[in-house]
Amino acid sequence: MKRIVTIQDISCVGKCSLTVALPIISAMGVETAIIPTAVLSTHTMFKGFTFRDLTADIKPIMDHWEKEGISFDAIYTGYLGSFEQIDLMKELFSRFRGKGTTVVVDPCMADNGKLYPGFTEAFAKAMAGLCSQADIIVPNLTEASFMLGIPYKAAGSYDQAYIEDLLKKLASLGAKEVVLKGIELPDKKGKIGIASYNAKTKQISWYFHTKMSTSFHGTGDIFASVLTGALVRGLSLEKAYALAGDFVVQSIKKTLSHKDHNTYGVDFEAAFPTLVRRLEKELKA
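Residues numbered from 1 in each chain as written. Predicted model: local features only at pLDDT ≥ 70, side-chain atom pairs only at ≥ 80, totals over all residues. Heavy atoms only, no water.

Caption draft 1: Broad picture of the packing of aromatic side chains. Under the defined criterion, the tally for this structure stands at ten aromatic pairs. Ring centres of Phe 247 and Phe 272 lie 6.3 Å apart, and the angle between their planes is 5°; on these two criteria the pair is classed as stacked. Taken together, the residues Phe 247 in helix H8 (residues 237–256) and Phe 272 in helix H9 (residues 272–284) connect sequence positions 25 residues apart. Each member of the pair Phe 247 and Phe 272 is classed as buried. Taken together through their ring pairs, the aromatic side chains of Tyr 79, Phe 83, Phe 119 and Phe 123 make up a single cluster. A cation sits over an aromatic face here: Lys 188 above Phe 208, 5.1 Å from the ring centre. (Phe/Tyr/Trp six-rings, centres within 6.5 Å; stacked < 30°, edge-to-face > 60°. Helix = DSSP H or I, 4+ residues; strand = E, 2+ residues; numbered from the N terminus. Buried < 20%, exposed > 50% of the residue type's maximum accessible area, 1.4 Å probe, protein only. Lys NZ or Arg CZ within 6 Å of the ring centre and 35° of its normal.)

Encoded structure:
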């Protein structure tokens, strides 16, 4: 069985980070190892949550794994809370990146034109440094802007040429492939898209799906988790992010079908049968 290690925080209640990545990747038929970077009682949409930093535990975990000869088919990083954790991820890449290991970095730190609380432009530059060591990065438009040090452009204020230039600039950070999320073009009304760029072939690919009227916390984590799982199972990058984007839409639809749905996460569990069927279909194609 293939094995992915994902490194991000864990909220005891709330659907994001590890409570999303672990079940999704496991459901896709991939063994999922984890390094929790912090434990929270709930995710940060709740007030008064508890927080325990686990940075001090990361290096001893790596030491033990290295002693045991444990290896991974992919390394996938999500939300990282400090400069020290970014540095530790660079060390983890160095120690556990085998010949066939794919490194995926989701630079979770910003959205809707703003950095998340506690993050700075200096942190965005440090995250760009981590992205330089990745095989694949999956930023949204806000994260891309902060990592490149350029002004953020909201939907309706950019065109296809701007996105293509952004992809190339992101690739210049050092990653082999870039997947950019949350694209809205003037000629794609009611759609939201994903674009990718291959630094070697210079090829740009696009995929658009339905834009849902309601947004939920944690959907970016769902996207990155499905993409990483699909890659390890053998799908191409283009098929992997199409599957990921469609699964996010399906999960939101399942959530909105419940009159009493909560506001802190999507009902991705109910969409698992669709995900598994689609994955197996793609693998047989």
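That covers the picture; the talk isn't over yet.
Caption draft 2: Highlighting the packing of H8 against H9. The interhelical angle for the contact between H8 and H9, taken along N-to-C directions, is 160°, at an axis separation of 10 Å. Here H9 runs roughly antiparallel to H8, going by the angle between their axes. Note that H8 runs across H9; the crossing there is right-handed. Here Lys 239, Ala 242, Leu 243, Asp 246, Phe 247 and Gln 250 of H8 come into contact with H9, specifically with Phe 272, Thr 274, Leu 275, Arg 278, Leu 279 and Glu 282. For the contact of H8 with H9, a count of residues per class yields six nonpolar, two polar and four charged. (Axes fitted to C-alpha atoms, helices over the stretch in contact; angles between N-to-C directions. Parallel < 35°, antiparallel > 145°, perpendicular 65-115°, else oblique. Left-handed = near helix turned anticlockwise from the far one by under 90°. Contact = heavy atoms within 4.5 Å. Nonpolar A, V, L, I, M, F, W, Y, C, P; charged D, E, K, R; others polar.)

Caption draft 3: View of a negative patch on the surface. A cluster of like negative charges, contributed by Asp 53, Asp 57, Glu 84 and Asp 87, occupies part of the molecular surface. Among the structural elements, Asp 53 can be located in strand S3 (residues 51–53). (Patch = residues over 30% accessible without salt bridge, like charges linked within 9 Å, V, L, I, M, F, W, Y side chains within 5 Å. Areas by Shrake-Rupley, 256 points an atom, 1.4 Å probe, with all protein chains shown as cover. Salt bridge = Lys/Arg side-chain N within 4 Å of Asp/Glu carboxyl O. Lys, Arg positive; Asp, Glu negative; His and termini not counted. Charge placed at Lys NZ, Arg CZ, Asp CG, Glu CD.)

Caption draft 4: Highlighting the pattern of salt bridges. Counted by the stated rule, this structure contains 16 salt bridges. The partner of Glu 66 in a salt bridge is Arg 95, and the shortest N-O contact between them spans 2.8 Å. With Glu 66 in helix H2 (residues 55–68) and Arg 95 in helix H3 (residues 83–96), this pair connects stretches of sequence that are 29 residues apart. Given the relative accessible area of 21%, Arg 95 is considered partly exposed.

Caption draft 5: Inspection of helix H1 (residues 18–27) at higher detail. Taken together, the buried positions of H1 are Leu 18, Val 20, Ala 21, Ile 24 and Ile 25. One face of H1 carries all of its buried residues, which in axial projection span an arc of 155°. Packing partners of the buried residues in H1 comprise strand S1 (3–13), strand S2 (31–42), strand S4 (74–77), helix H7 (219–233), H8 and H9. Of the residues one or two after H1, Gly 29 is the one with positive phi, at around 85°. (Arc of directions from axis to C-beta.)

Caption draft 6: Layout of the sheet that holds S1. Strand order in the open sheet formed by nine strands is S3-S2-S1-S4-S5-S8-S9-S10-S11, with mixed pairing between adjacent strands. Among the strands making up the open sheet, the edge pair consists of S3 and strand S11 (204–210). Relative to S11, strand S10 (residues 191–198) runs antiparallel, the two being bridged by seven bridges. Each residue of the ladder has a partner; that of Ser 196, found in S11, is Ser 205. Contacting S1, S2 and S3, H2 crosses the sheet at an angle of about 165° to S2. Packing of H3 onto the sheet brings it into contact with S1, S2, S3, S4 and strand S5 (102–105), and relative to S4 it is tilted by some 175°. (Pairing = 2+ DSSP bridges.)

Caption draft 7: Main features of the nonpolar core. Counting 50 residues, the largest nonpolar core has Met 89, Leu 92, Val 105, Met 109, Met 127, Ile 163 and Leu 180 as the members making the most contacts within it. Top contributing element to this core by residue count: helix H4 (residues 121–131), with seven residues. Ignoring any residue separated from it by four or fewer positions in sequence, one finds Met 89 in contact with Ile 7, Ile 58, Thr 77, Leu 80 and Leu 130. Grouped together as the second largest cluster of nonpolar side chains are 38 residues, Ile 24, Ile 136, Phe 247 and Phe 268 included. (Core = buried A, V, L, I, M, F, W, Y, C linked by side-chain atoms within 4.5 Å.)

Caption draft 8: View of unusual backbone geometry. Non-glycine residue Asn 112 carries a positive phi angle of around 50°. Position of Asn 112 among the secondary structure elements: in the loop between strand S6 (110–111) and strand S7 (114–115). On the basis of relative accessibility, which here comes to 64%, the residue Asn 112 falls in the exposed class. Look at Lys 202: it is not a glycine, yet its phi comes out positive at around 65°. For Lys 202, the location among the structural elements is in the loop between S10 and S11. Overall, the relative accessible area of 54% leaves Lys 202 in the exposed class.

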